[in-house]
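Close look at the chain arrangement
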Number of protein chains: 2
Amino acid sequence: MDKTLLYQAVCKKIQEMIGKGTFRQGERIPSIRVLSREMKISPNTVMAAYAQLENMGLIEARPQSGFYVKPQALSHGIKRSGGLLRENLKPKQVVLEDTTLQVMNTISNQMLLPLGIGMPNPDKLPIEKLTRMLASESKRFGIQSISYADVQGIPRLRTQIAKRSFLAGCSLGADDIIITSGCIEAITLALQCVCRQGDTIAIGTPVHPAFLKFIQWMGLKILEIPSCPAEGINLDVLSYTIKQNHVSACIVIANFNNPLGSLMPEEKKQELVSLLERNNIPLIEDDIYGDLAFGKARPNALKAYEQKGLVLHCSSFSKTLAPGYRVGWIAPGKFMQKLMQRKSLSNIATASPTQLAIAEFLVNGGYDSYLRKVRRTYAKQIDSVIEVIGLYFPGGTIASRPRGGYNLWVELPEGYDTYKLYEIALQNGISIAPGMIFTLKKNFRHCFRINASYWSNRVEHGVEFLGKAVKDCKV
Amino acid sequence: MDKTLLYQAVCKKIQEMIGKGTFRQGERIPSIRVLSREMKISPNTVMAAYAQLENMGLIEARPQSGFYVKPQALSHGIKRSGGLLRENLKPKQVVLEDTTLQVMNTISNQMLLPLGIGMPNPDKLPIEKLTRMLASESKRFGIQSISYADVQGIPRLRTQIAKRSFLAGCSLGADDIIITSGCIEAITLALQCVCRQGDTIAIGTPVHPAFLKFIQWMGLKILEIPSCPAEGINLDVLSYTIKQNHVSACIVIANFNNPLGSLMPEEKKQELVSLLERNNIPLIEDDIYGDLAFGKARPNALKAYEQKGLVLHCSSFSKTLAPGYRVGWIAPGKFMQKLMQRKSLSNIATASPTQLAIAEFLVNGGYDSYLRKVRRTYAKQIDSVIEVIGLYFPGGTIASRPRGGYNLWVELPEGYDTYKLYEIALQNGISIAPGMIFTLKKNFRHCFRINASYWSNRVEHGVEFLGKAVKDCKV
């Protein structure tokens with residue numbers, strides 16, 4: 001039987017038993033050993049299934065004791081982070097330590113086995129077709145291909161993006177969209193349109209390192225809102241926090257969060273958007289992994305739930321088609337005019353030829369069937385990486401089980417330090433992203449992010465090596 | 001005899017006579033009518049030559065009286081602007097009026113006869129060759145062409161730019177350069193690296209409108225330093241001003257200034273750089289028109305004169321090869337690390353395929369012979385536009401005579417308002433850039449910028465129409 005199906009079988013079984021009240025809140029569920037024997041499947045498969053149930057917030061591991069049904073509440077993130085709540089009341093000036101900056105820079109070193117960066121595996125990208133389309137479209141559009149594009153971007157591309165927004169629950173028109181040079185440009189322009197130096201922003205933690213750097217650059221203060229690997233940002237904490245502080249904007253990656261891999265349930269998305277709208281706080285949404293959903297339907301964007309034009313929806317084709325083409329977009333709602341002005345002052349417009357090529361790919365390149373293929377690949381690779389983690393990492397290690405994208409979040413048992421693991425990995429030609437680069441606090445020192453877009457013997461051995469090296473990483 | 005030679009003959013003759021003391025300071029020189037008759041050349045040619053002499057600061061026109069030898073001093077800009085000096089002591093918050101912003105936006109409307117924008121004529125660009133190279137290089141570099149480029153840019157391109165820096169009197173290495181998405185990105189990133197909100201910058205006036213907009217965006221204060229159409233920014237005023245104020249940076253377009261068309265003499269460039277270095281003020285140089293010099297040698301960049309790494313040299317291929325490829329660069333001197341960080345946060349890196357295509361054009365595309373051709377074209381077109389101005393604009397109108405680029409600066413006699421001219425032009429499908437968009441003050445209301453990169457019957461009739469419309473533009 002296929003391993004994925006086995007996971008699912010285990011998960012379903014336990015879920016049903018909890019649902020029926022066979023196991024109640026706080027009760028112990030069967031140990032891995034017992035279930036493995038009874039269901040005649042490997043302990044690793046059970047362990048992976050339990051990890052997923054834990055990520056879903058259904059069960060929890062208790063040291064030296066086993067797995068228990070978890071009290072059902074939104075308080076997950078708060079409880080877990082202990083005294084975090086009080087600390088969150090104070091906006092913090094972002095000052096990244098030199099070590100942190102150095103780690104951020106090192107992990108993208110292209111000589112290393114690239115498990116530390118959030119980049120798609122180039123071997124999975126449709127290089128030949130895109131290259132052909134770049135050539136044919138530049139020829140076809142002649143003068144237009146070497147002239148400045150509209151500040152807003154080439155209309156044909158905007159129309160395609162607008163059409164696809166339907167799949168994310170939106171109903172954008174071409175005029176609602178500005179093409180940007182990648183998603184990070186969309187986000188940094190958005191921040192510059194809604195915040196000024198000294199302002200405070202709220203953001204789910206662990207935080208994408210590029211956001212931390214830019215927030216530091218702008219001289220903003222930050223409120224890190226705890227998030228869980230299953231459902232993302234904790235709305236109770238967020239709600240409490242924005243009551244206590246003047247928050248100028250909120251940044252959220254709802255779909256396949258980087259680094260957590262979390263996916264916000266749709267009702268939580270709606271709740272998030274209306275919470276911020278009630279408080280008149282602009283919401284900067286990073287939806288760059290949305291198209292890489294493993295399930296049948298693409299999850300909605302936060303933008304789908306807005307009523308007041310306060311969601312600045314940012315995305316790009318960098319994770320799906322061509323990072324180097326630098327083609328992303330923003331649908332900035334009521335901030336359209338300001339964004340247009342800011343974009344024109346940044347670089348007048350995004351390069352024309354790559355816009356033309358991607359527009360053509362969306363029209364005639366079979367983007368959807370390509371997406372189906374690549375999603376299957378990433379889903380399989382994530383399983384493979386989790387399996388190797390299950391085999392070689394110490395007991396108590398928990399890997400998130402994202403339902404899209406390719407970023408895995410791994411938590412070692414407390415007492416291990418992933419900065420040490422990062423250093424050992426580095427000395428052995430492997431890049432991982434240690435938890436320290438995702439926060440200004442100390443709470444992710446035992447975590448790291450791993451990129452599962454690559455899979456090969458070398459990767460398998462790399463992950464095995466990491467698992468075995470953990471024993472030397474005690475605090 | 002060729003018209004250009006005739007101009008030169010007139011200019012040389014008058015210059016010699018002033019040099020020998022035949023005409024002394026304050027003395028009247030022969031009227032246009034007299035010289036035209038004596039030298040057997042058309043009055044228009046003499047008028048154009050006198051305009052050039054005036055731009056060089058050698059003679060001046062006095063209403064209803066004729067042309068006089070001008071007192072020789074650097075005080076040109078100061079005297080001319082009347083009480084400007086005292087006013088310049090106060091840094092000014094940039095707040096652009098709605099009308100000004102509206103004009104800035106309207107002049108790039110592509111349905112208009114494009115005399116108001118600083119864009120190269122696409123018909124003069126090497127479209128076919130570039131398109132071929134874009135296709136072949138993307139194919140040749142495969143994975144590299146769709147992957148993120150280094151933050152700093154593709155090394156092959158940087159090497160070519162470094163090699164060419166020799167022609168501008170510099171000795172850059174590939175590692176001294178960061179590729180940007182056009183020159184405006186280079187400049188705005190530079191500003192963000194050397195200034196903070198509330199800081200004051202000094203800048204030659206008339207000011208490129210995009211700079212004004214970005215300075216307003218950043219919340220900077222501005223000191224407009226008078227400049228003349230012959231030699232550019234006035235160093236006496238600049239020197240005086242930086243003594244009186246804390247200036248955080250200075251922006252200068254030394255070569256073929258936009259909008260003036262002025263070219264700073266090399267010794268003035270040296271003087272400028274050492275003045276700022278003595279005061280430890282970063283100098284942001286925009287050298288985008290440098291490669292379009294009509295003379296035999298390309299003028300030096302300001303960067304050529306630096307001793308302390310304080311010059312942030314910005315340029316791009318947008319005026320020479322392909323605006324829509326968005327490939328520019330910055331050589332930021334001692335600000336390299338800061339600039340790299342800021343660039344990576346803007347958009348990670350500039351698009352790869354267009355970088356590859358331009359690198360190939362520089363290596364194998366015959367860039368220099370292409371430049372020679374296009375320079376000849378622009379030089380000729382500038383003559384043509386000036387000639388039509390001479391024929392149809394009211395007496396006392398002065399056009400600058402740039403020795404590179406394609407931007408002409410036209411001064412109507414005082415008492416005319418080019419905003420009115422802009423409005424009449426607009427109603428008749430013509431775009432011009434009225435003086436008001438180049439300053440926060442009132443001193444260029446009788447001036448406008450005209451783009452001479454286009455030349456056709458339509459352009460000729462357009463300029464003729466403008467000349468005839470001036471009579472309806474009295475203040």
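Conventions and cut-offs
Residues numbered from 1 in each chain as written. Chains lettered and ligands numbered in written order. Predicted model: local features only at pLDDT ≥ 70, side-chain atom pairs only at ≥ 80, totals over all residues. Heavy atoms only, no water. Phe/Tyr/Trp six-rings, centres within 6.5 Å; stacked < 30°, edge-to-face > 60°. Helix = DSSP H or I, 4+ residues; strand = E, 2+ residues; numbered from the N terminus. Buried < 20%, exposed > 50% of the residue type's maximum accessible area, 1.4 Å probe, protein only. Expected span 1.5 Å × (residues − 1). Axes fitted to C-alpha atoms, helices over the stretch in contact; angles between N-to-C directions. Parallel < 35°, antiparallel > 145°, perpendicular 65-115°, else oblique. Left-handed = near helix turned anticlockwise from the far one by under 90°. Contact = heavy atoms within 4.5 Å. Nonpolar A, V, L, I, M, F, W, Y, C, P; charged D, E, K, R; others polar. Pairing = 2+ DSSP bridges. Domains from an automatic or database assignment. Least-squares fit on C-alpha atoms with pLDDT ≥ 70 in both. Buried area = accessible area lost by both parts, 1.4 Å probe. Polar contact = N/O pair within 3.5 Å; in protein donor to acceptor, adjacent residues only side chain to side chain. Core = buried A, V, L, I, M, F, W, Y, C linked by side-chain atoms within 4.5 Å. pLDDT = per-residue confidence, 0-100. Salt bridge = Lys/Arg side-chain N within 4 Å of Asp/Glu carboxyl O. Patch = residues over 30% accessible without salt bridge, like charges linked within 9 Å, V, L, I, M, F, W, Y side chains within 5 Å. Areas by Shrake-Rupley, 256 points an atom, 1.4 Å probe, with all protein chains shown as cover. Lys, Arg positive; Asp, Glu negative; His and termini not counted. Charge placed at Lys NZ, Arg CZ, Asp CG, Glu CD. 1 Å grid on protein atoms, 1.4 Å probe; cavity = no way out; pocket = protein on both sides within 12 Å on 5 of 7 lines; lining within 4 Å. Points joined across faces, edges and corners; volume = space filled by probe spheres on them.

What follows is about the packing of aromatic side chains. Residues and elements named next belong to chain A. The final tally for this structure, using the stated rule, is 24 aromatic pairs over all chains. Centroid distance tyrosine 289 to tyrosine 406: 5.4 Å. Interplanar angle 90 degrees. Geometry classified as edge-to-face. Of this pair, tyrosine 289 sits in the loop between β10 (283-286) and β11 (311-316) while tyrosine 406 is found in the loop between β13 (398-399) and β14 (407-411), placing the two residues 117 residues apart along the sequence. Tyrosine 406 matches tyrosine 289 in its accessibility class, with the two residues each being buried. Ring pairing ties together the aromatic residues Phe317, Trp329, Phe361, Tyr367 and Tyr370, which thus form one cluster.

All names here are of chain A. Its 13 residues place the ends of helix α15 (residues 352-364) 18 Å apart at the C-alpha level, agreeing with the 18 Å of an ideal helix rising 1.5 Å per residue. The buried fraction of α15 amounts to eleven of the 13 residues, a majority that puts the element mostly inside the structure. Buried residues of α15: Ser352, Pro353, Thr354, Gln355, Leu356, Ala357, Ile358, Ala359, Glu360, Phe361 and Leu362, and no others. Looking one or two residues past α15, glycine 366 carries a phi angle of roughly 70 degrees, positive in sign.

With that settled, consider the packing of helix α7 (residues 127-141) of chain A against α15(A). For any two helices packed against each other, one specifies the inter-axial angle together with the distance between the axes. All names here are of chain A. In the contact formed by α7 and α15, the axes pass within 8 Å of each other and the chain directions differ by 115 degrees. The angle between α7 and α15 places the two elements in the roughly perpendicular class. The element α7 and its partner α15 pack so that their crossing is right-handed. Residue-level inspection shows Lys129, Leu130, Met133, Leu134, Glu137, Ser138, Arg140 and Phe141 of α7 in contact with α15, the latter providing Pro353, Thr354, Leu356, Ala357, Ile358, Glu360, Phe361 and Asn364. A class-by-class count of the residues in the contact of α7 with α15 yields nine nonpolar, three polar and four charged.

The subject of this paragraph is the sheet that holds strand β14 (residues 407-411) of chain B. All names here are of chain B. With antiparallel pairing, the four strands of this open sheet are ordered in space as β13-β14-β17-β16. Unpaired on one side and paired on the other, β13 (398-399) and β16 (433-434) mark the two borders of the sheet. The pairing of β16 with strand β17 (residues 447-451) spans two bridges and is antiparallel. In the sheet register, proline 434 faces β17, and the bridge partner there is phenylalanine 448.

With that settled, consider the domain arrangement of chain A. The domain architecture assigned to chain A consists of domain 1 (3-72), domain 2 (111-124 + 370-472) and domain 3 (127-368). Placing a centre on the C-alpha atoms of domain 1 of chain A and another on those of domain 3 of chain A gives a separation of 36 Å.

Quick look at the sheet that holds strand β16 (residues 433-434) of chain A now. In spatial order, the strands read β13-β14-β17-β16 (chain A); together these four strands make up an open sheet with antiparallel pairing. Across the chains shown, the open sheet's two edge strands, defined by having one partner strand only, are β13 and β16 of chain A.

Below, the discussion takes up the relation of the copies chain A and chain B. Applying a rotation about an axis and a shift along it to one chain copy brings it onto the other copy. Between the two copies, chain A and chain B, the superposition gives an RMSD of 0.3 Å; the rotation angle is 180 degrees and the shift along the axis is 0.1 Å. When the rotation and shift are considered jointly, the pair of chain copies conforms to a two-fold rotation axis. Within chain A, the C-alpha atom positioned nearest to the axis of rotation is that of A:Ala135, 2.4 Å from it.

Another aspect to go through is the interface of chain A and chain B. Taken residue by residue, the interface counts 51 residues in chain A and 51 residues in chain B. At the boundary of chain A with chain B, total buried surface from both sides reaches about 4400 Å², with 64% on carbon and sulfur atoms. Inspection of the chain A/chain B interface yields 14 residue pairs in polar contact (both at pLDDT 80 or more). If you list the elements that add at least two residues to the side of chain A that touches chain B, you get α7, α8 (143-146), α10 (183-194), α11 (209-218), α14 (336-347) and α15 of chain A.

With that out of the way, let us pick up the side chain of A:Thr131. One can find A:Thr131 in helix α7. Setting aside its immediate chain neighbours within four residues, A:Thr131 contacts A:Tyr325, B:Ser138, B:Lys139 and B:Ser145.

We now examine the nonpolar core. By size, the foremost hydrophobic cluster in this structure holds 285 residues, and its most contacted members are A:Tyr50, A:Leu191, A:Phe317, B:Tyr50, B:Leu191 and B:Phe317. Discounting chain neighbours no more than four positions away, the residues touching A:Tyr50 are A:Val10, A:Ile14, A:Ile29, A:Pro30, A:Ser31, A:Ile32, A:Leu35, A:Ile59 and A:Phe67.

Moving on to the confidence of the model for chain A. Taken over all residues, the pLDDT of chain A has a mean of 91, while the share at 70 or more is 94%. For the stretch residues 73-85 of chain A, pLDDT sits under 50, and the model shows 22 contacts to residues farther than four places along the chain or on other chains.

Moving on, we come to the pairing of strand β1 (residues 59-62) of chain A. All names here are of chain A. Relative to strand β2 (residues 66-69), β1 is paired through four bridges, and the arrangement is antiparallel. Across the sheet, residue alanine 61 finds its bridge partner in β2, namely phenylalanine 67. The antiparallel hairpin formed by β1 and β2 contains three residues in its connecting segment, where glutamine 64 sits at a positive phi of about 55 degrees.

All names here are of chain A. On inspection of all chains with the given rule, the structure shows 30 salt bridges over all chains. In this structure, the salt-bridge partner of glutamate 137 is arginine 140, at a minimum N-O distance of 3.1 Å. Placement of both glutamate 137 and arginine 140 in helix α7 is noted, with a separation of three residues, approximately one turn of the helix. Because the salt bridges share partners, they merge into one network encompassing Glu137, Arg140, Arg156 and Glu360.

On to unusual backbone geometry. All names here are of chain A. In this chain, threonine 205 is followed by proline 206 through a cis amide linkage whose omega measures 5 degrees. Among the structural elements, proline 206 can be located in the loop between β6 (200-205) and α11. In this model, asparagine 280 sits at a positive phi of 60 degrees, which is unusual for a non-glycine residue. Given a relative accessible area of 48%, asparagine 280 falls into the partly exposed group. Phi angles above zero are rare outside glycine, and arginine 326 is one such case at about 50 degrees. For arginine 326, the location among the structural elements is in the loop between β11 and β12 (328-331). The buried category is assigned to arginine 326, whose relative accessible area is 2%.

Okay, a positive patch on the surface next. All names here are of chain A. A cluster of basic residues, Lys129, Arg132, Arg372, Lys373 and Arg376, forms a positive patch on the protein surface. At the level of elements, α7 and α16 (367-392) are the ones that each hand at least two residues to the positive patch. Top element by residues in the positive patch is α16. It accounts for three residues. Considering the arrangement of structural elements, one finds arginine 132 in helix α7. For arginine 132, a relative accessible area of 54% puts it in the exposed group.

Take empty space enclosed by the protein next. All names here are of chain B. Applying the stated criterion across every chain, the model contains ten cavities of 30 Å³ or more. One number sums up the size of the largest cavity: a volume of about 190 Å³. Forming the walls of the largest cavity are 17 residues, and the residues nearest its centre are Arg164, Ser165, Asp291, Arg298 and Trp329. Of all the elements in the fold, those that place two or more residues in the lining of the largest cavity are α9 (155-164) and β11 (311-316). Here the lining of the largest cavity is built from residues that sort into eight nonpolar, five polar and four charged.

Here the focus is the pairing of strand β7 (residues 221-228) of chain A. Residue and element names in this part refer to chain A. Most of β7 sits out of view: seven of its eight residues are buried. Here two bridges tie strand β3 (residues 92-93) to β7, and the two strands are oriented antiparallel to one another. Opposite glutamine 93, over in β7, you have lysine 221 as the bridge partner. Pairing analysis gives six bridges linking β6 to β7, with the strands arranged parallel. The partner of threonine 205 across the bridge, within β7, is proline 226.

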